[in-house]
Amino acid sequence: MPKQQMIAMILAGGQGSRLGVLTEYIAKPAVPYGSKYRIIDFALSNCTNSGIETVGVLTQYSPLELNSYIGNGYSWDLDRNIGGLSILPPYQSLEGSDWYKGTANAIYQNITFIDNHNPDYVLVLSGDHIYKQDYREMLRAHIDAEAAATIAVREVPWEEASRFGIMNTDEEGNIIEFEEKPANPKSNLASMGVYIFSWKILREHLIADENNPDSRNDFGQNIIPAMLGDGHKLLAFTFDGYWKDVGTIFSLWESNMDLLDRPQEINLKDAMWRIYCRNTLQPSHYVGENASVTDSILTDGVEVYGSVKHSVISSGAVVEEGAEVTDSILMPGAVVKKGCKIDKCIIGIDTIIGENVEVGIAVKDGREDFVNEKFCSDGITVFGSGLVIADNVKLKGNSMLFPKDEGQVCDVILESTVLGII
Amino acid sequence: MLIDSMGIILADNGRVKLGELSDERALAATPFGGRYRIIDFMLSSMVNSGIKHVGILAETKYSSLMDHLGTGSHWDLDRLQQGLRIIPPYMQSDFFRSPNPQDLNGLYDFLKHSVHLHVVVAESNLVSNINFAKFVKEHEDSGADVTVMYNHDADSLGSPNVSLTFEDNKLVDLRIDPLNPTSDCSSLGCVVLTRTLLMDLLAQAISRGESLFNTEFILEKYKELTIRGFENNDLTLRINSLATYFSASMRLLEKGVLQKLYKSENRIFTKVKNEAPARYPKGNHVANSLISDGCNVVGQVENSVIFRGVSIGKHSKISNCIIMQDTVIRDGAELKNVIIDKDSVIRSGVRLQGSPDYPVVIRKGVIV
């Protein structure tokens, strides 16, 4: 195989357990986002737009939806004869088999894949962040500094710094210390989970890390400190564009709302930096005679007959007459029937909300038996995928509705289906 | 699913003119329905019916058509064998230049190098989600030489109307735009016959120096061949004039039409553009309209079809219009019964009004 300057490895195996029912059957990178995208579209499009043509996607948790969504990478121009996109699940070998134990172990298990492409540099990414970044700029900084590793960082507010992996740097931007969620942060430069490594050096460290039984095989906690300990040069590369980890229900909701309130920050219309996604083959969306749509984004296949305010509506979703949808996210194929009042909801793929259902923090005598403050906050209610909700139900905000178990009697959820969606 | 049939789609029809819309592009490449070109419907119908080897017979003005079709990947027609093949006007050699833009030799060669039993030949000016499997099956069962698809859509025919008269389901007369129609059966421009028969017909025509090929070329052989009819009562919209183009577009807004055309399990494929979702900032008013990705709608829009990437400014009023890709409507413009081609700009305060049977057409890339 011809030598590649840099290949990308996208970590897409995590469950994203803080998203609750949204990741019950699908991996976090495959969760719908921003009306027509899935979260992983951003990492994949960034790779394509940065000229990276060899991309490994490491999958583990519930990969069916993610695998069928990505396919052969065609939608992101990654169906190449040389390189292109490869899905890399854990595998069996003569030495046995193992799940990916940590981020570093996932790359360790694919050393052969990387060696086959013989790259000088390896870009390691998370598949679950929303941002647009030209990795070439970061690679130039990495090469100029002759670093062993370059880590993308962004400035976070000081009061939030203790929630992140923080890089302490010297005046030239060299990393001198890494602290995971420090109580008293010395810096406000948070790691974005985007790394460029010189492959030869990373390769040695991955093998050493694997042989260390005490290691948790994690880039942030083990590989980076080990590289610092060995005296390698590690560079912090500051990124100042829009970046969001959509790991919680609130941050997923907020990041969707950012597309409405601060569209210029992520700028999905940038013709020089398209975010590609798999096409849903649906017609243009239809806005009916008595419909009203304000301050919202819509995509192909949507049908609106009611009122949509400040919401993100995904392909094939339907809002029937007299229904009011406010501050909400409708995932692909979701249906909101006549007379509903939906406030601050995330409605899962193909879920049908019955007639006159009311949801939200302001609903009087709303049922509280689905309130789930482990996952939900700020009045956001989440419906899983493939649910059918009964007519006339009233629910309090901060609820989360999981699919019905077999035999469970539930007057709110009439039906639930596990779906092989696309 | 058909595995032993191939398709030929005719990118142009000499009798059909769509004014400025077809000045610079083949009929097949005319934008339609917000995000499609007319040919997407015929091409997708073939693919969904299992026809995976399709020749597109291009005459002239095929640059925009080729740009749209690309390698055929959007229709899953980028195959190792078979797949999409564009058949441009044919030049046998530098020394023999065909006098006609549409020479039959290219088509003949394409058929000769194919292996399928049946060929479905279709005009491209039909908007419909057709199941060709039923059509070919009935053709096979009847033992006819040729089977032609027709319907009784007397209302929205326009011209040309290829009127067919059958006796005992055998074609006995063929009239184009008859003054006093003797039959209410109108051709839908789709015929099926065996590949070898089509090659015979072509070889005879080539030997006589003929160069015109369309579905009537086959149908007018009704005296020598057994030609039977296949009635198709599904929703079909004929595009054969500006007026029918306009009315077909407006019919997409009628209840149920969109569902019949698109929401079956057979999807209509088209070139993917990766536009951002459409934005509806505060202040807009949209009613009974189709809006596409990449649009930014601030003004008023009703009863209209808006293509991808169109921007509609504040206080503008758009009603009964078709506005194509990347056109910009500035603040305060007022348009009624207008078709605006791609990449145009309508400046602030401009007012244009056509009538439904004679819509105003603004050509591609114009500033008004």
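Residues numbered from 1 in each chain as written. Chains lettered and ligands numbered in written order. Predicted model: local features only at pLDDT ≥ 70, side-chain atom pairs only at ≥ 80, totals over all residues. Heavy atoms only, no water.

When you go through chain B residue by residue, the secondary structure sums to 8 helices and 28 strands. A globule of 368 residues ought to have a C-alpha radius of gyration of about 21 Å, and chain B, at 21 Å, matches this closely. Looking at chain B residue by residue over its 368 residues, the buried ones come to 60%. Of all intrachain contacts in chain B linking residues separated by at least 6 positions in sequence, the fraction that spans at least 24 positions is 58%. (Helix = DSSP H or I, 4+ residues; strand = E, 2+ residues; numbered from the N terminus. Rg over C-alpha atoms; globule rule 2.2 N^0.38 Å. Buried < 20%, exposed > 50% of the residue type's maximum accessible area, 1.4 Å probe, protein only. Contact = heavy atoms within 4.5 Å.)

With that settled, the discussion passes to the overall build of chain A. Scanning chain A from terminus to terminus reveals 9 helices and 34 strands. A globule of 422 residues ought to have a C-alpha radius of gyration of about 22 Å, and chain A, at 22 Å, matches this closely. For the C-alpha atoms alone, the extent of chain A along its principal axes is close to 65 × 50 × 45 Å. Among the 422 residues that make up chain A, the fraction classed as buried is 60%. Entry remark: accessible area of chain A is about 17000 Å², with carbon and sulfur atoms responsible for 46%. (Areas by Shrake-Rupley, 256 points an atom, 1.4 Å probe, with all protein chains shown as cover.)

So, on to the pattern of salt bridges. The final tally for this structure, using the stated rule, is 34 salt bridges over all chains. Between D293 of chain B and K36 of chain A there is a salt bridge, and its shortest N-O distance comes to 2.9 Å. Of this pair, D293 of chain B sits in the loop between β16 (289-291) and β17 (296-297) while K36 of chain A sits in the loop between β2 (32-33) and β3 (37-38), each in a different chain. Overlapping salt bridges, with partners in common, bring together K244, E254, D258, R262 and E265 of chain A in one network. (Salt bridge = Lys/Arg side-chain N within 4 Å of Asp/Glu carboxyl O.)

Moving on to the pairing of strand β14 (residues 234-238) of chain A. Residue and element names in this part refer to chain A. With 4 of its 5 residues buried, β14 lies for the most part within the structure. The sheet contact formed by strand β10 (residues 149-155) and β14 spans 5 bridges and is parallel. Counted as the bridge partner of T150 is L235 from β14. (Pairing = 2+ DSSP bridges.)

Okay, the sheet that holds strand β20 (residues 307-309) of chain A next. Residues and elements named next belong to chain A. Pairing within the open sheet is parallel, and its 6 strands lie in the order β17-β20-β23-β26-β29-β32. Two strands bound the open sheet, and with one partner strand each, they are β17 (292-294) and β32 (394-396). If you compare each strand with its neighbour and ignore which way they point, the axes differ by 5° on average. (Axes fitted to C-alpha atoms, helices over the stretch in contact; angles between N-to-C directions.)

Residue and element names in this part refer to chain B. Taken domain by domain, chain B holds domain 1 (5-261) and domain 2 (285-362). Listed per partner, the contact involves 19 residues of domain 1 and 22 residues of domain 2. Carbon and sulfur atoms supply 69% of the area buried between domain 1 and domain 2, which totals about 1700 Å² over both sides. In this structure, the connection of domain 1 to domain 2 is made through 1 salt bridge. For R25, the salt bridge is made with D341, and the minimal N-O distance between the two is 2.8 Å. Among the secondary structure elements, those contributing two or more residues to the side of domain 1 that touches domain 2 are β2 (31-32), β3 (36-37) and α7 (242-251). Looking at side-chain class alone, the side of domain 1 that touches domain 2 contains 12 nonpolar, 3 polar and 4 charged residues. (Domains from an automatic or database assignment. Buried area = accessible area lost by both parts, 1.4 Å probe. Nonpolar A, V, L, I, M, F, W, Y, C, P; charged D, E, K, R; others polar.)

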